[in-house]
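Structural characterization, general
These are the residues of each chain, in order.
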Amino acid sequence: MRMMLGVAAVAAAGAFFVACADDKPAATVAVKLDSFTVSSDKAEVMAGNVTFKATNAHASEVHELAVLRVRPDGSFENLGEVEDLGPGKGGEVTIALTPGDYLLACLIAEGEAGSKVDHFAYGMRRAFTVK
Ligand SMILES: [Cu+2]
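Attention here is on the structure that accompanies the text. (Residues numbered from 1 in each chain as written. Predicted model: local features only at pLDDT ≥ 70, side-chain atom pairs only at ≥ 80, totals over all residues. Heavy atoms only, no water.)

Some thoughts on the nonpolar core
For the record, the criterion: In plain words, nonpolar cores are sets of buried Ala, Val, Leu, Ile, Met, Phe, Trp, Tyr and Cys residues tied together by side-chain atoms within 4.5 Å. Throughout this description, buried means an accessible area under 20% of the type-specific maximum (1.4 Å probe, protein chains only), exposed means over 50%, and partly exposed covers the range between. Here a strand is any run of E in DSSP of at least two residues, a helix any run of H or I of at least four, and the numbering for each starts at the N terminus. Every residue pair with non-hydrogen atoms within 4.5 Å of one another is taken to be in contact.
Core analysis: the largest hydrophobic core is formed by 24 residues, its most contacted members being Val31, Leu33, Phe52, Leu65, Leu97, Leu104 and Phe128. Listed by contribution, the elements that provide at least two residues to this core are strand S1 (27-34), strand S4 (48-56), strand S5 (63-70), strand S6 (76-85), strand S7 (90-97), strand S8 (100-105) and strand S9 (125-130). The leading source of residues in this core is S1, at four residues. For Leu97, the residues in contact, after removing those within four places along its chain, are Ala47, Gly48, Val50, Phe52, Val67, Leu79, Tyr102 and Val130. Counting residues in hydrophobic clusters, the runner-up holds five residues, among them Ala66, Leu103, Ala105 and Phe120.

Written as structure tokens, this is what we have:
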């Protein structure tokens, strides 16, 4: 019985990988980083390759976008980032996402890039759902 379960799990994983590898970007999400806020034009997308286009709208602070998957125990897994965007700058990252709960967050820490505060702690995060 245990062996049969193992084979089923491998087959399911293989099918998932093939489906993802052939997919074009399923969605594009525009993300705006500002004075300790993260906003986006979508709150949820379908699973698949998702392109995040991040823009730092702040006049003076460096921000970044990290796509964090929320694990069942509440901890986070960082799946990809657009790092260290200066004021007015933008960038993008494409990540294959599976269904679940995510956070779009800025992980600039106190002391990083001249920042006096930890951006995540100051509210730079937004809940995001993959269906
Ligand atoms: Cu920030």
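Observations concerning the pattern of salt bridges
Rule in force here: By definition here, a salt bridge exists when the distance from a side-chain nitrogen of Lys or Arg to a carboxyl oxygen of Asp or Glu is within 4 Å.
Under the counting rule described, the total for this entry stands at two salt bridges. Across the pair Lys42 and Asp41 runs a salt bridge, and its minimum N-O distance is 3.6 Å.

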